Amino acid sequence: MKNILHVLRWQDGLDILIVTFVLYRLYLSLRMKRALRMVLVILFLPFYYVVAQWIDLPLSVWGLQNLWAVLLLVLVVIFQQEIREVLGSIKFPTFLFRSPERFSNKSVDKIVEAAFRMVDRGIGGLIILQRGDDLDEFIHGKTLLDSEINEAMFISIFNPQSPLHDGAVVISGDRIRYATALLPVSKSPSIPREWGARHRAGLGITEVSDAECIIISEERKEVLLASRGKTEKKDRKEDLQKSLSDLPSLQGKSERRKKWSEKIFHEIRIKALFLFLVCLLWTFVIGVRQGEVSFSIPIEYYSVPQNLVITGDPPKEMTARLRGSQRLLSSLNPDHLRVRVDLSKAHPGANQLSLSEANIDMPSGISVTYYYPRLMRVQLSPISNAGKK
């Protein structure tokens, strides 16, 4: 850990935060879609590869190295529909900065009241609550309204005598955006056989987007809430009210005024998980990726005994091959490397010295794989004799 912190720069910290932010935003966009499975599989493979290298799993490393292209092709074939949906739904810069559509508690009350008033009057309908995804690519035949939310408007739209009663109403923010919207029909085999086109359409829009749909059935006199490809019956206004109020996108004005500290700590566990995974990936890919490099390192002699002086032509440099983190090796300054030779125990005449890695003054985290010379001869002479020479 000490070595990792030594090679960590402020640029690396910024890089880690950016990647963490992008992954979290991707998670927010996909967590209600089946495509999330595809993303998780793709993200899992490189993490497994670096871990397999670290703990030395040769078969796994060989398989990922040689079958990587095949695995990606298989994933593309299996998840081609999900990939198309993902690429179509991600739009910059809204992907990075846009939050899900928010609804005030007052609007939620009006929607709930209208839904149960329609049940009492035997009027069916579909009310779509748009969140972060753009629904324009999924709905067709829509009529732009851009009107305020109120009970009378819903009853008027879905009245069988109204030219706008076919299709669904789309609510964005605190406005009724569209009417007569035709929705994609769910093809799930688990749908009850007695369900008609309205139920299938209401469920279908929640399978391809993060929208919620209130399904009002005039035949069964019931209200269903569809979300994430599942439906739940709501027998009372309070049940629907509570479900809508618990949705992240349906929160009041106080939620919009969150302080930055509250926004940072929102879903802190998920954010911490992404941060941990990105740090882990950086550690394996950047921090501990090994390399080797050769240097010619100057030799320095010290602690020469008094009245003795080095004579002749002693070795002036050592050739060494150093191994360590590529980031740490790239930051090495050759001018700061030294081979230090202690002559405190040397005697007059020829001295045979044995060198080791301990003689090389280098940063922590760097090891020596090769060095030459390993033995050296240094001639020491009394100062008086050296002067005569």
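So, how was this worked out
Residues numbered from 1 in each chain as written. Predicted model: local features only at pLDDT ≥ 70, side-chain atom pairs only at ≥ 80, totals over all residues. Heavy atoms only, no water. Helix = DSSP H or I, 4+ residues; strand = E, 2+ residues; numbered from the N terminus. Buried < 20%, exposed > 50% of the residue type's maximum accessible area, 1.4 Å probe, protein only. Contact = heavy atoms within 4.5 Å. Areas by Shrake-Rupley, 256 points an atom, 1.4 Å probe, with all protein chains shown as cover. Pairing = 2+ DSSP bridges. Axes fitted to C-alpha atoms, helices over the stretch in contact; angles between N-to-C directions. Core = buried A, V, L, I, M, F, W, Y, C linked by side-chain atoms within 4.5 Å. Phe/Tyr/Trp six-rings, centres within 6.5 Å; stacked < 30°, edge-to-face > 60°. Lys NZ or Arg CZ within 6 Å of the ring centre and 35° of its normal. Parallel < 35°, antiparallel > 145°, perpendicular 65-115°, else oblique. Left-handed = near helix turned anticlockwise from the far one by under 90°. Nonpolar A, V, L, I, M, F, W, Y, C, P; charged D, E, K, R; others polar. Polar contact = N/O pair within 3.5 Å; in protein donor to acceptor, adjacent residues only side chain to side chain. Expected span 1.5 Å × (residues − 1). pLDDT = per-residue confidence, 0-100.

Asker: Please clarify how the overall build of the protein should be interpreted in this entry.
Answerer: What the protein contains, in helices and strands, is 15 helices and 15 strands. Sorting the 389 residues of the protein into buried and exposed places 40% on the buried side. Considering only contacts in the protein between residues 6 or more positions apart, those separated by 24 or more positions represent 69%. Put simply, the protein shows about 22300 Å² of open surface, and 57% of that area lies on carbon and sulfur atoms.

Asker: What's the story with the sheet that holds strand β7 (residues 230–234) in this structure? I'm lost.
Answerer: Strands pair in a sheet through their backbones, by hydrogen bonds, and they do so in one of two ways: parallel or antiparallel. Taking strand neighbours across the sheet as the criterion, the seven strands line up as β2-β4-β3-β1-β5-β6-β7 in an open arrangement whose pairing is mixed. One side of each edge strand has no neighbouring strand; the edge strands of this open sheet are β2 (143–148) and β7. With direction set aside, neighbouring strand axes in the sheet form an average angle of 25°. Strands β1 (125–129), β5 (212–217), β6 (222–227) and β7 of the sheet are contacted by helix α9 (residues 197–208), whose axis makes an angle of about 170° with β5.

Asker: Before we go on, may I ask you to explain the nonpolar core in this structure?
Answerer: Note on soluble globular proteins: their nonpolar side chains tend to be buried together. Among the nonpolar cores identified, the biggest contains 26 residues, and Ile127, Phe154, Ile171, Ile214 and Leu240 are the most heavily contacted of them. Those elements that place two or more of their residues in this core are α7 (105–120), β1, α8 (151–158), β3 (168–172), β4 (175–181), β5, β6 and α10 (237–246). Sorting elements by how many residues they give to this core places α7 first, with eight residues. In contact with Ile127, not counting residues within four places along its chain, are Ile111, Phe154, Phe158, Val169, Ile171, Glu212, Cys213, Ile214 and Ile216. Grouped together as the second largest cluster of nonpolar side chains are 25 residues, Leu337, Val339, Val341 and Val368 included.

Asker: How do you make sense of the sheet that holds strand β9 (residues 308–311) when you look at a structure like this?
Answerer: With respect to topology, three strands assemble into an open sheet ordered β9-β15-β12, the strand pairing being antiparallel. Looking at the sheet topology across the chains shown, the edges are occupied by β9 and β12 (349–354). Strand-to-strand, the axes of this sheet are offset by a mean angle of 40°, without reference to chain direction. Summarising the sheet, β12 and strand β15 (residues 375–382) pair through six bridges and their orientation is antiparallel.

Asker: Explain unusual backbone geometry here, please?
Answerer: Only a minority of non-glycine residues have a phi that is not negative, and only a minority of peptide bonds are not trans. The residue after Tyr372, namely Pro373, is reached through a cis peptide bond having omega 5°. Relative to the elements of secondary structure, Pro373 occurs in the loop between β14 (367–372) and β15. Positioned with a positive phi, Asp146 is a non-glycine residue whose angle comes to about 55°. The residue Asp146 is located in strand β2 in this model.

Asker: Help me understand the packing of aromatic side chains in this model?
Answerer: Think of a pair of aromatic rings as described by two things: how far the centres are apart, and how the planes are tilted against each other in angle. Under the criterion given, the structure shown has zero aromatic pairs. Note that Lys142 overlies the ring of Tyr178, its terminal NZ or CZ placed 5.5 Å from the centroid. The residue whose ring lies beneath Arg374 is Tyr371, and the NZ or CZ to ring-centre distance is 4.2 Å.

Asker: Whenever I open this one, the packing of α7 against α8 confuses me. Can you help?
Answerer: To characterise two packed helices, one gives the angle between the axes of the helices and the distance between these axes. Where α7 contacts α8, the two axes come as close as 9 Å, and the packing angle between them is 40°. Classified by the angle their axes make, α7 and α8 are oblique. Crossing handedness for the pair α7 and α8: right-handed. Within the contact between the two elements, α7 uses Lys110, Ile111, Glu113, Ala114, Arg117 and Met118 and α8 uses Glu151, Phe154, Ile155 and Phe158. Considering only residue class, the contact of α7 with α8 consists of six nonpolar, no polar and four charged.

Asker: Explain the side chain of Thr206 here, please?
Answerer: As for its position among the elements, Thr206 is in helix α9. Of the polar contacts made by the side chain of Thr206, one reaches the backbone nitrogen of Gly229; its length is 3.2 Å. Setting aside residues no more than four positions away along its own chain, Thr206 makes contact with Ala211, Glu212, Cys213, Ala226, Ser227, Arg228 and Gly229.

Asker: Even after reading the chapter, I still don't get α9, so can you show me in this structure?
Answerer: Residues spaced three or four apart along an α-helix point in a common direction, a consequence of the helix completing one turn every 3.6 residues. Helix length check: α9, at twelve residues, gives a terminal C-alpha distance of 17 Å against a target of 16 Å (1.5 Å per residue), a fit within 8%. For α9, every residue scored as buried is listed here: His199, Ala201, Gly202, Leu203, Gly204, Ile205, Thr206 and Val208.

Asker: Would you explain the confidence of the model for the protein in this entry?
Answerer: Should pLDDT be low for a region, the predicted coordinates there are not to be read in detail. Confidence in the prediction for the protein averages 79 pLDDT; 79% of positions are at 70 or higher. Predicted confidence is poor over residues 249–257, with pLDDT under 50, and the contacts of this stretch with residues over four places away or in other chains come to 22 contacts.

Asker: What's the story with the pairing of β5 in this structure? I'm lost.
Answerer: Working note: regular strand, side chains alternate between the two faces of the sheet. Burial analysis of β5 places six of its six residues in the buried class, the great majority of the element. Residues Glu212, Ile214 and Ile216 of β5 are buried on one face, and the alternating residues Cys213, Ile215 and Ser217, pointing to the opposite face, are buried as well. Two elements, β1 and β5, share five bridges in a ladder whose sense is antiparallel. The residue of β5 that forms the bridge with Gly125 is Ile216. Two strands pair when backbone bridges link them, and β5 and β6 are joined in this way by five bridges, in the antiparallel orientation. Of the residues in β6, the one forming a bridge with Cys213 is Ala226. Between β5 and β6, which follow one another and run antiparallel, lie four residues, and Lys221 among them has a positive phi close to 55°.

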